[in-house]
Amino acid sequence: MIRIIFVVYALVLLILTIYTNQHRRDFMGLTISEKHQQELARFSVVFAISTLLAVAAAVWPQMWLQLAALLVGALAAGLLGLRVAKYAGEA
């Protein structure tokens, strides 16, 4: 059961990775400056790392690996959520 949860979590993180990487210039319909495009690229890298951690946690169900995957993904998504207001204020 826990493996299925981490596979689904990895898929969600992969979608976030692809979206933040592909839509750096027009993130959520907003025109983004070069500085914030670089920031979105860093978010994409963190989401990719978290995706790899989630896949590893699905394959090897170690508690520390599962916690690391959850924490890195949740922190990255939370920080991105806090930054969206700054992107919207720039547009």
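Residues numbered from 1 in each chain as written. Predicted model: local features only at pLDDT ≥ 70, side-chain atom pairs only at ≥ 80, totals over all residues. Heavy atoms only, no water.

Caption draft 1: Representation of the overall build of the protein. For the protein, the helix and strand inventory stands at 3 helices and 0 strands. Going from the N terminus to the C terminus, the protein shows its helices and strands as α-α-α. In terms of its C-alpha atoms, the protein occupies a principal-axis envelope of roughly 45 × 20 × 20 Å. For the protein, the proportion of its 91 residues judged to be buried stands at 32%. Sequence separation of 24 or more characterises 70% of the internal contacts of the protein that already satisfy a separation of 6 or more. Summed over all atoms, the accessible surface of the protein reaches about 5800 Å², with 73% contributed by carbon and sulfur. If you average the places of the 7 positive and of the 4 negative side-chain charges in the protein, the two averages end up 8 Å apart. (Helix = DSSP H or I, 4+ residues; strand = E, 2+ residues; numbered from the N terminus. Buried < 20%, exposed > 50% of the residue type's maximum accessible area, 1.4 Å probe, protein only. Contact = heavy atoms within 4.5 Å. Areas by Shrake-Rupley, 256 points an atom, 1.4 Å probe, with all protein chains shown as cover. Lys, Arg positive; Asp, Glu negative; His and termini not counted. Charge placed at Lys NZ, Arg CZ, Asp CG, Glu CD.)

Caption draft 2: Highlighting the nonpolar core. Grouped together as the largest cluster of nonpolar side chains are 19 residues, with contacts concentrated most on Phe6, Ala54, Leu80 and Tyr87. The biggest single contributor to this core is helix α2 (residues 34–59), with 7 residues. Setting aside chain neighbours within four positions, we find tyrosine 87 in contact with Phe27, Leu30, Ile32, His36, Glu39, Leu40, Phe43 and Leu80. (Core = buried A, V, L, I, M, F, W, Y, C linked by side-chain atoms within 4.5 Å.)

Caption draft 3: Quick peek at the packing of aromatic side chains. Going through the model one piece at a time under the given rule, you end up with 1 aromatic pair. Centroid distance phenylalanine 6 to tyrosine 9: 6.4 Å. Interplanar angle 90°. Geometry classified as edge-to-face. Of the two residues, phenylalanine 6 and tyrosine 9 both sit in helix α1 (residues 2–22), 3 residues apart, roughly one turn of that helix. With respect to burial, phenylalanine 6 and tyrosine 9 carry one shared label: buried. (Phe/Tyr/Trp six-rings, centres within 6.5 Å; stacked < 30°, edge-to-face > 60°.)

Caption draft 4: How the structure looks around the environment of proline 61. Take proline 61: it is sitting in the loop between α2 and α3 (63–90). You can call proline 61 partly exposed: its relative accessible area is 42%. Taking C-alpha positions, proline 61 is 27 Å from leucine 79, a pair spaced 18 residues apart along the chain. Residues within four places of proline 61 in sequence aside, it is in contact with Arg3 and Gln66.

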